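Chain residues, written in single-letter form:
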Amino acid sequence: MTLMLKITAVGLLHLAFYASYPETGQFGNYYLGISLLVWSVFVMFINTSSKLVSMVSGAAGFLVNLAAFALMALAIAATMPQHDRTSVLDKMKAGKYPDRDTVNTGMLRFGVNLNRETAAGVKGLDRELGKAVKKLKED
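Residues numbered from 1 in each chain as written. Predicted model: local features only at pLDDT ≥ 70, side-chain atom pairs only at ≥ 80, totals over all residues. Heavy atoms only, no water.

**Student:** Any chance you could explain the nonpolar core here in plain terms?
**Tutor:** The nonpolar side chains of a soluble globular protein tend to be buried, and buried together. By size, the foremost hydrophobic cluster in this structure holds 14 residues, and its most contacted members are Val10, Phe17, Met72, Ile76, Met80 and Val88. Only helix H1 (3-20), helix H2 (28-56) and helix H3 (58-79) provide two or more residues apiece to this core. If we ignore the near neighbours within four places in the chain, the residues touching Met80 are Phe17, Tyr18, Tyr21, Thr24, Tyr31 and Val88. (Core = buried A, V, L, I, M, F, W, Y, C linked by side-chain atoms within 4.5 Å. Buried < 20%, exposed > 50% of the residue type's maximum accessible area, 1.4 Å probe, protein only. Helix = DSSP H or I, 4+ residues; strand = E, 2+ residues; numbered from the N terminus. Contact = heavy atoms within 4.5 Å.)

Here it is, written out as structure tokens:
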């Protein structure tokens, strides 16, 4: 993986946690910014070592990258602030996974309304289905 792709993956991992568990409280935005910066720098350092390890074995380099992202996911889950002061990791251990409404609330923070997108998709599907039925009736 190239460095830019890895840094994009860091951002997407943060986005996934931030959207899935949006009750971050007043320090959530600060946490997101600082965590993105810290983990991006960490990935830059790991990128160098994974390139060196990849010279010996490509699979070992991939495992180094995989371990770095697993460590990042674990650290985010353990340290991400929540209103109820229960870590995301503890919520996941207890089986409290996000539902559709929670993810929609989290995505609204980024300006994406999943309910509106779904409704637009259903309308488009109905329109295409109507065209197909009309064409079948003509034949």
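There is more to say, and it comes next.
**Student:** Explanation requested: the packing of aromatic side chains in the structure shown.
**Tutor:** Note on aromatic pairs: each is described by the distance of the centres and the angle between the planes. Throughout the structure, instances matching the rule amount to three aromatic pairs. Taken together, a centroid distance of 6.4 Å and an interplanar angle of 45° make the contact between Phe27 and Tyr30 tilted. Exposure remark for Tyr30: the relative accessible area of 57% places this residue in the exposed category. (Phe/Tyr/Trp six-rings, centres within 6.5 Å; stacked < 30°, edge-to-face > 60°.)

**Student:** So what exactly am I meant to see when it comes to the side chain of Gln82 here?
**Tutor:** If you trace the backbone, Gln82 turns up in the loop between H3 and helix H4 (88-93). Setting aside residues no more than four positions away along its own chain, Gln82 makes contact with Tyr21, Glu23, Thr24, Val88 and Lys91.

**Student:** Would you mind going over the pattern of salt bridges with me for this structure?
**Tutor:** One side chain can pair with another of opposite charge once the charged atoms of both are near each other. Scanning all chains against the criterion turns up two salt bridges. The salt bridge partner of Asp84 is Lys91, with a shortest N-O separation of 3.5 Å. Its relative accessible area of 9% is what places Lys91 among the buried residues. Salt-bridge contacts for Glu128 lead to Lys131; the nearest nitrogen and oxygen are separated by 3.7 Å. Highlighted residues: Glu128 and Lys131, both in helix H6 (residues 114-138), separated by three residues, approximately one helical turn. (Salt bridge = Lys/Arg side-chain N within 4 Å of Asp/Glu carboxyl O.)

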